[in-house]
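# Chain and residue survey
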Amino acid sequence: MTKAMNQQRTALNGDEAVAYAAKQSDVDVVAAFPITPQTIIVEKFSEYVANGEVQTEFVCTESEHSALAACLAASATGARTFTASASAGLALMHEMLFVASGCRAPIVMAIANRALSAPLNIHGDQSDSMAERDSGWVQIYVENAQEAYDSIIQAFRIAEDVGVSLPVIVGLDGFTLSHTLENVTVLSDDDALKFVGTRQLPNVLTHEGKSVPFKLDPENPMTMGPIALTNYYFEFKRQQEEAMKNALEMIQKVNVEYAELTGRSYGNGLVEPYRLEDAEVAVVCVGSTSGTLKTIVDALRQDGVKAGLLRLRTFRPLPVEALRSALQNVKALAVMDKSMSFGGNGGAVYHEVRHVLYDAEAHPAVVNYIYGLGGRDSSPRELRRVYEDLLRILKSGRVEKQITYLGLRE
Amino acid sequence: MSREKSWKEIAPAGVCSKSSVGFMTGDWKTYTPVRDLEKCTLCLTCVMFCPDGAIRWRPDLGKIEFDYEFCKGCGICANECPTKAIKMSLEQE
Amino acid sequence: MTNVSQEWKFTSKEIAEKPDLFLSGHRACAGCGPATVLRLIMKATRGPTIVTEATGCMEVVSSIYPYTSWALPWLHTAFETAAANASGIEAALKVMRKKGRAKDEHVDIIALAGDGGTYDIGLQALSGAVERGHDFLFVLYDNEGYMNTGIQRSGGTPMGAATTTTPAGKVIPGKVEAKKPIAEIMLAHDMEYVATASAYYWRDLLTKVRKGLEVEGPAFLHVFAPCPRGWRSDPAKTLEYSKLAVESCVFPVWEAVNGKRTLSTPSKLIALAPKKKKPVDEYLEGQGRFRHLFTPQNKHVLDEIQRLTDERWERLLEKCVEP
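Computed from a predicted structure; not experimentally measured. (Residues numbered from 1 in each chain as written. Chains lettered and ligands numbered in written order. Predicted model: local features only at pLDDT ≥ 70, side-chain atom pairs only at ≥ 80, totals over all residues.)

## Remarks on the nonpolar core
Applicable threshold: In this usage, the nonpolar core is the set of buried Ala, Val, Leu, Ile, Met, Phe, Trp, Tyr and Cys residues whose C-beta atoms join them within 7 Å. With C-beta atoms placed from the backbone, a residue is labelled by how many other C-beta atoms lie within 10 Å of its own: buried for 20 or more, exposed for 12 or fewer, partly exposed between the two. Each helix corresponds to a stretch of at least 4 residues labelled H or I by DSSP, and each strand to a stretch of at least 2 residues labelled E; elements are numbered beginning at the N terminus.
One finds A:Val18, A:Val29, A:Leu72, A:Ile152, A:Val168, A:Ala282 and C:Val223 to be the most contacted residues of the largest nonpolar core, which totals 267 residues. Tallying contributions element by element places helix α4 (residues 82-98) of chain C first for this core, with 10 residues.

In structure tokens:
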């Protein structure tokens, strides 16, 4: 029985769903710069501001780098902040991503995942946020517009938890999700607001010897963003790693709470297994292609194949235990990567899943499929071939090709 | 100097825990300002110009105080004093 | 439009008695011009104030963890971002006040940056923040080079100066380009208040800081701040150089209120009595960064510096009006 009685079914594309969720989350400051395919988020939000539907200061900064700097400073002042970007914009923010996580600012940022230049490409792939996996931000990737809406609301709770205090990226595939209209069930304004609550600030000990809320406040002066030399820097970084550990717990907790409120949950918040319990062949996928793969799994199951899917929802922090536990019975595993790590012998998700399974009890064959770069569509037939390859590996006991470029014209 | 703290003990995000008035820079100096109080007209120019705030006007005492714990011996006070009431000297205070 | 013509009256004793908000124990070099400038600027604050600073000398020397020299709330994020930070702080306070999560009182926001964080890498954020009309005061402490990283040239480095990226070599005698007229650029943004100041004239500096804070919107203050380390000059002469720069018209002091520009007294005295204008040589000769110009083969650069100084001075006089 869901607690939220007056959820409403509406039609929104991924970007609109994100903007709507931000609208309902009592965001104080939005500082953003437009970039395809995120533009609808900022445009929609601007409409809300212009119509007085939100009490938010919307700062149209002159670049993404300044956008994140402004969000960080606003967050440091105690405000709840939100922004969005993609591709080159996210890349331009690169420096500030590390600063934001180092300053423990719980900024929520939607990334409409898009390919990086050069050549210029406006379409969807995950290279932009994958390239930021070391930046200390929590990363959650969604499968559809519904989940985009839900995850933005959840993100504020995850980010602002005192034990976490980390910024969060919610990634939605560019154009595939950002621009595609779907049915989205939204909470009432009251229920959404109650779920996110007001931002709680952790207390810090300042140079005045007082333990006060962590914000820039003339009543309680504090110095934020100092230079830390070789004798201190390392300790601050270790703190961030601890925060990531806490985020693992918090993401699962919020997933449960949100399910109680709405009836919707996404696996355990970290991973979403699909028909995986007895699967012999399986695919790990991040993002919207998981939807297509689920359909293929169903078709294969009809044909008697023990096929399954693991959608990796939380990429950072990497859910090591959840991955090992979900994949423990799989004998041949394909990991999909909608990005490349040049010269790295495979994509980011492949590396991480493979290393997680290295110490697991069972050692499945793990292969990599790089697909969809620059927004290239992967047809169901192509994706089904991934499972056919896995079945061949299962049968022969041999891996012929470690890394396959799906849909590439050779 | 106290033991440096572990990662569990320090405030997150690098919020500074000590005021710099606990860090004495006075041992940086080679030359030290020596005052001829008879020439001083209390114009307070030295107070305004000291980069380190090591020269202070004490209204309670009615005099200017030089804090040698922070004075770096730059010589700005001596150079700018309109009555040449300050001289930089190699002798330590 | 704010009325910035009110003069704030103060005595030396009143200023001297105000507790320092930029504290002793910072690690600036002996004789540091920017340190004096910062101490003085903080004396002109009028109430609750938040400072955000760009990466640079003053940021580094004042915030070596765990020590801080800041007795007020202070944030540093990156090199380019002083003005972007100020925008975020201003937006946050505006909203939080409306929502009852911040005290309902005005807070002055000061963005501090050196010439690196203003002329060059910080220019975009500064221009954007000013265009958006945020209520903050941007103070540039100009020591004419990227001093914190070891004296490299900036857009604010004057012609002829030797820096590590414009060394005085056999073929090229120091920086070839002239100093970017940053205050003119900011003036072209149609700001309510743009001013230049030099630390020696501390009363003028304090007055201008206060005026900048009083503006309801963006204000820009360009402060000349000699660096004895980077300029290879006598640390004791830091304030003397900040005086000579004005007296030789290398760095004139003026203020522009809603575009109407007037010379400030130290420069006005020279305009009224041109014989008082000192030749640039007097300003340049004690500085190691210009030493190579005092040779026969580089004399043409000295001449060019004098010519350019005179030209910019004449142009300034044409643009100024009587107060």
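## Topic: the interface of chain C and chain A
Accessible area lost on assembly of the parts is the figure often given for the size of an interface. The line we're drawing: Contact between residues is assigned whenever the C-beta positions, reconstructed from backbone atoms, fall within 7 Å.
Facing the 39 residues of chain C at the interface are 39 residues of chain A. Breaking the side of chain C that touches chain A down by element, the ones donating at least two residues are β1 (49-53), β3 (74-76), α4 and α6 (123-131) of chain C. In terms of residue count, α4(C) provides more of the side of chain C that touches chain A than any other element does, 12 residues in total.

## A word on the environment of C:Ile41
All names here are of chain C. Here Ile41 lies in helix α2 (residues 33-43). With 29 C-beta atoms packed within 10 Å, Ile41 lands in the buried category. For Ile41 and Leu284, which are 243 residues apart along the polypeptide, the C-alpha to C-alpha distance reads 27 Å. Beyond its immediate stretch of four places on either side in the chain, Ile41 contacts Val139 and Val209.

## A few points about the interface of chain A and chain B
Under the convention used in this document: Residues are grouped as follows: nonpolar covers Ala, Val, Leu, Ile, Met, Phe, Trp, Tyr, Cys and Pro; charged covers Asp, Glu, Lys and Arg; every other residue, Gly included, is treated as polar.
Tallying the contact residues gives 18 residues for chain A and 13 residues for chain B. At the level of secondary structure, the elements contributing two or more residues to the side of chain A that touches chain B comprise β9 (203-205), β11 (223-224) and α8 (233-262) of chain A. Counting residues per element, the side of chain A that touches chain B draws most heavily on α8(A), at four residues. Tallied by class, residues from the side of chain A that touches chain B come to eight nonpolar, seven polar and three charged.

## Structural notes on the pairing of strand β4 (residues 81-85) of chain A
Residue and element names in this part refer to chain A. Short version of the rule: Any two strands with at least two DSSP-identified bridges between them are counted as paired. The crossover handedness rule: strands pointing away from the viewer, path from first strand over the helix to second strand clockwise, crossover right-handed.
Counting buried residues in β4 gives five out of five residues, a clear majority hidden from the surface. By the alternation rule, side chains of β4 split into Thr81, Thr83 and Ser85 and Phe82 and Ala84, which are all buried. For strand β2 (residues 29-32) and β4, the ladder comprises two bridges, and the chain directions are parallel. In the sheet register, Val30 faces β4, and the bridge partner there is Phe82. Both β4 and strand β5 (residues 108-113) contribute to a ladder of four bridges, which runs parallel. Residue pairing in the sheet places Phe82 in a bridge with Val108 of β5. Handedness of the crossover joining β4 and β5 through helix α4 (residues 87-102) is recorded here as right-handed.

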